[in-house]
Each structure stands twice: as C-alpha cells, then as structure tokens.
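Descriptive analysis of the structure
Next come the chains, spelled out residue by residue.
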Amino acid sequence: PFANPSELYQFFSLPFCRPKELEEKWLDLGEVLKGDRATKTLYDIRFKQNTQWQSLCKVTLDEEKAAKFKQAIVDDYYFELLLDDLPIW
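Residues numbered from 1 in each chain as written. Predicted model: local features only at pLDDT ≥ 70, side-chain atom pairs only at ≥ 80, totals over all residues. Heavy atoms only, no water.

**Quick notes on the packing of aromatic side chains**
Evaluation of the coordinates by the stated rule reveals 1 aromatic pair. Ring geometry for Phe16 and Phe69: centres 5.3 Å apart, planes at 80°, overall edge-to-face. Of this pair, Phe16 sits in the segment before helix H1 (29–34) while Phe69 sits in helix H2 (residues 63–74), placing them 53 residues apart in sequence. (Phe/Tyr/Trp six-rings, centres within 6.5 Å; stacked < 30°, edge-to-face > 60°. Helix = DSSP H or I, 4+ residues; strand = E, 2+ residues; numbered from the N terminus.)

Structure follows, in structure tokens:
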C-alpha cells in the first residue's frame, strides 16, 4: 500500500493474468531483506519496436476477485515493474 511502503505483497496475490508456471528471480540478500519477490509476468516489452495493441489474456472476475481489486484500490496498492532490473513505476 502507498501509505505503508514496507508492507509488500506478491504481484499475483491479486487475480492478474498469470503465466502457467510462476518463475521467480533469484534474489540477493538485500532484496530478500527488503521483501522483494521478483516474478516473471506475461508482459513482453521491447524498445524501439512499434507494436500493435494485443490482449495479454482474458479473465472473468467473480465477486470475490473483483472485491480483491476494489480493496487494493481503496488501500492505494501499487506495484513496481522491473525491466532489466530497473524499476518502472
């Protein structure tokens, strides 16, 4: 949550589109102590390459999944995307 940046949750604790198998990055001691949990996503980001819009996946949200997203919005959740180990906010 934005108000408490030391409180960390895994990206896939919310019902985002996820790969069939989660592949976690090997973390160094500092990342582990900070609570980082780097996990590969389905995003394919390329520099200097024009790309047409494409769907990442299709998810049907039931009431429980929608409530998780709603609560995350109320709690000001945000996530940090890493590209080549550089943070993108």
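The rest of the description comes next.
**Overview of the environment of Phe79**
Among the structural elements, Phe79 can be located in the loop between H2 and strand S1 (81–83). Among the residues examined, Phe79 registers a relative accessible area of 41% and is labelled partly exposed. In this structure the C-alpha to C-alpha distance between Phe79 and Gln10, which are 69 residues apart in sequence, comes to 8.9 Å. (Buried < 20%, exposed > 50% of the residue type's maximum accessible area, 1.4 Å probe, protein only.)

**Description of the confidence of the model for the protein chain**
Detailed reading of the predicted coordinates is not advisable wherever pLDDT is low. Of all residues in the protein chain, 88% attain a pLDDT of 70 or more, and the chain-wide mean is 80. Of all secondary-structure elements in the protein chain, the lowest mean pLDDT belongs to H1, at 73, while H2 reaches the highest, 92. (pLDDT = per-residue confidence, 0-100.)

**Things to note about H2**
If you check H2, its first and last C-alpha atoms are 16 Å apart, about what 12 residues at 1.5 Å a residue would give, namely 16 Å. By the N-cap criterion, in which a side-chain oxygen at the helix start approaches the backbone nitrogen of a residue two or three places on, H2 is capped by Asp62, the distance to Glu64 being 3.2 Å. The first or second residue beyond H2 is Asp76, which carries a positive phi of 60°. (Expected span 1.5 Å × (residues − 1). Polar contact = N/O pair within 3.5 Å; in protein donor to acceptor, adjacent residues only side chain to side chain.)

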